[in-house]
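The lines below spell out each chain.
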Amino acid sequence: MAKVLMKGNEAIGEAAMRAGLDAFFGYPITPQSELPEYLSREMPARGKVFVQAESEVAAINMIYGAAGAGARVMTSSSSPGIALKQEGITYIAGSELPCVICSVGRSGPGLGGIQPGQADYYQATKGGGNGDYHLLVYAPANIQEMCDMIMEAFDKADYYRNPVMILADGMIGQMMEPVEFKELKKEREVPAWATTGTEGKRAPNIINSLYLNPEDLEEHNIHLTKKYDEMKEKEEQWEEYNLENAEVICIAYGTTSRIVKNAIETLKDEGINVGLIRPKTLWPFPEKAFKEYPKTAKAILVVEMSTGQMITDVRAFNEGRLPVYFYGRSGGMIPTPEAVVAELRKIIEGGK
Amino acid sequence: MAKKVDHRFVMAGFGGQGIMSMGMMLTYAGMIENKNVSWLPSYGPEMRGGTANCNVIISDKAVGSPLITTNATCAVVMNQPSLAKFESSVEEGGILLINSSLVENKAERDDIDVYYVPCNEIAVELGNPRVANMIMLGAVLQLTEAVTEDSLPEAFKAVFGAGKEHLLPINKEAIKKGAEFIAKQA
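Residues numbered from 1 in each chain as written. Chains lettered and ligands numbered in written order. Predicted model: local features only at pLDDT ≥ 70, side-chain atom pairs only at ≥ 80, totals over all residues. Heavy atoms only, no water.

**Q** Any chance you could break down the interface of chain B and chain A for me, citing the residues and the numbers?
**A** On the chain A side, the residues contacting the 18 residues of chain B number 22 residues. At the boundary of chain B with chain A, total buried surface from both sides reaches about 1700 Å², with 67% on carbon and sulfur atoms. Where chain B meets chain A, there are seven residue pairs in polar contact (both at pLDDT 80 or more). Counting residues per element, the side of chain B that touches chain A draws most heavily on strand S2 (residues 36-41) of chain B, at five residues. The residue makeup of the side of chain B that touches chain A, split by class, is 11 nonpolar, seven polar and no charged. (Contact = heavy atoms within 4.5 Å. Buried area = accessible area lost by both parts, 1.4 Å probe. Polar contact = N/O pair within 3.5 Å; in protein donor to acceptor, adjacent residues only side chain to side chain. Helix = DSSP H or I, 4+ residues; strand = E, 2+ residues; numbered from the N terminus. Nonpolar A, V, L, I, M, F, W, Y, C, P; charged D, E, K, R; others polar.)

**Q** Give me the sheet that holds strand S14 (residues 299-304) of chain A: which residues, what numbers.
**A** Residue and element names in this part refer to chain A. A sheet is described by the order of its strands in space; here five strands give the open sequence S10-S12-S11-S14-S15, paired in mixed fashion. With partners counted over all chains shown, the strands left at the sheet margins are strand S10 (238-241) and strand S15 (324-328), one partner each. If you compare each strand with its neighbour and ignore which way they point, the axes differ by 20° on average. Contacts between helix H9 (residues 254-268) and the sheet are confined to S10, strand S11 (248-251), strand S12 (274-279) and S14, with S12 contributing the most and set at about 165° to the helix. (Pairing = 2+ DSSP bridges. Axes fitted to C-alpha atoms, helices over the stretch in contact; angles between N-to-C directions.)

**Q** Explain helix H3 (residues 56-68) of chain A to me, using residue names and the numbers behind them.
**A** Residues and elements named next belong to chain A. In a regular helix each residue adds 1.5 Å, so 13 residues correspond to 18 Å; H3 covers 18 Å between its end C-alpha atoms and thus fits that length. Taken as a whole, H3 has its buried residues at Glu 56, Ala 58, Ala 59, Ile 60, Ile 63, Tyr 64, Ala 66, Ala 67 and Gly 68. Of the surrounding secondary structure, the elements contacted by the buried residues of H3 are strand S2 (23-26), strand S4 (73-77), helix H4 (79-94) and strand S5 (99-107). Its side-chain oxygen at 3.3 Å from the backbone nitrogen of Val 57, Ser 55 defines the N-terminal cap of H3. One or two residues past the end of H3 sits Gly 70, with phi positive at roughly 95°. (Expected span 1.5 Å × (residues − 1). Buried < 20%, exposed > 50% of the residue type's maximum accessible area, 1.4 Å probe, protein only.)

**Q** If you had to explain the nonpolar core to someone new, which residues and values would you point to?
**A** Counting residues in hydrophobic clusters, the biggest one holds 112 residues, and the most contacted among them are A:Met74 and A:Leu301. Ranked by residues supplied to this core, first place goes to helix H6 (residues 143-160) of chain A with 10 residues. Counting contributing residues, this core receives three or more from each of domain 1 (4-234) and domain 2 (238-350) of chain A. Every residue in contact with A:Met74, bar those within four places of it in the chain, is listed here: A:Ile12, A:Ala16, A:Leu21, A:Ala23, A:Phe24, A:Phe25, A:Leu35, A:Leu39, A:Ile63, A:Val100, A:Cys102 and A:Phe154. Listed in part, the 45 residues of the second largest apolar core include B:Ala29, B:Val131, B:Ile135 and B:Ala155. (Core = buried A, V, L, I, M, F, W, Y, C linked by side-chain atoms within 4.5 Å. Domains from an automatic or database assignment.)

Below you can see the structure in the form of structure tokens.
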């Protein structure tokens, strides 16, 4: 298929439909409203289900129900809307159901603002809901990658029977870039555990997150933990950019990584080598990328559109080996490549 | 070796002036010509009838930040408030195009090339005031050669849809008029 120029939000919708999306339940919120708008038009036209729920809470519980019935489902929202969904998300994780949740981040806290933000890193990776659960979290940096990740997300959600989140931000949701859609490799079958009706032929399938017996619940937690360990082992993804001979290693994800790449190119023209480790999965955080640094590296600079959240994980996996600096903008302000260059200069020249 | 392509456009005006679609046309044409492209709109309250602007990148290189703040190679201002807001976005030696039909003020900077194009007047002369944006696009292409004329019809169809195809001739004409206006000044 040829490339088309598409808005990030609409591309999410198209990619999800190509991945065999059966039903979408959502509630509009800037900066992701073009996604439900697109699906409200396209899903019924292709014989699929689109429901604009009465609220985010309703939408995520519709996801819970439809996922339990074996449908391939997705919801989407932005920061405060994702906050509202947290109860449903932990129920879905606890009940081991697959679904994809798109979070197109804006700035916070509270209602915050509608401009892009990355201050939902904790919300996405540390669990906004209760209990020992994790989401598999992807952080795309461009629209093509976002579409590819969505296709992958549905399969991973099925494989792990766990919610998968795509964490984007308002900039990637609103911008347009060329994208080429891939087709689903094979049709998805309705899973055997789904509550599709016994027809008197089998024992009922039960979807539940309630375990009143502590022994049983601990066993359930151990079982979930094994899945999360498998994710850590198999699902870490990251990009390394200009890392060889880098004096400083930048860590940035999503939109911010693109800004950092501009800064890296500027310094490269002056003969200064700066590298980038870009986490493509935020959970599991790409721990393996931090095993060994290039010998030239003297420091780490974490760049985020927040006052500093991912830096917690960077510090944990850096284990004190290199000094870790931070540069961030928040409230919907976007870091400029010039400002990142200035921060890098301070570290390199000033021995900051 | 082919000429290096690295264009960064800022386009701004009122909502309804066709700023976003002008930017999309340029972006689509760039994509058709196998360049790396991005289009980033403002999406605040300005979408509801106030000012509108978009950033367009057309490049040989992978697009880094889609946001252009200080290093636009070319800025297009279609109304008065946009001049005040975006004159400073142009890099030294860059191009600033001003719709002189609606912008009374002159640019203050002398380290950039400034062109005044009476887009609305030319569009009215052509018989359709709504193609003022395409007059400007013609001027932009004459100065920057960011994309070729050949890819514009396909870009037009992609942006405006099959239902608007009957408007292609007048839009092509408008692009030509804009280009001619600049060519005459050179």
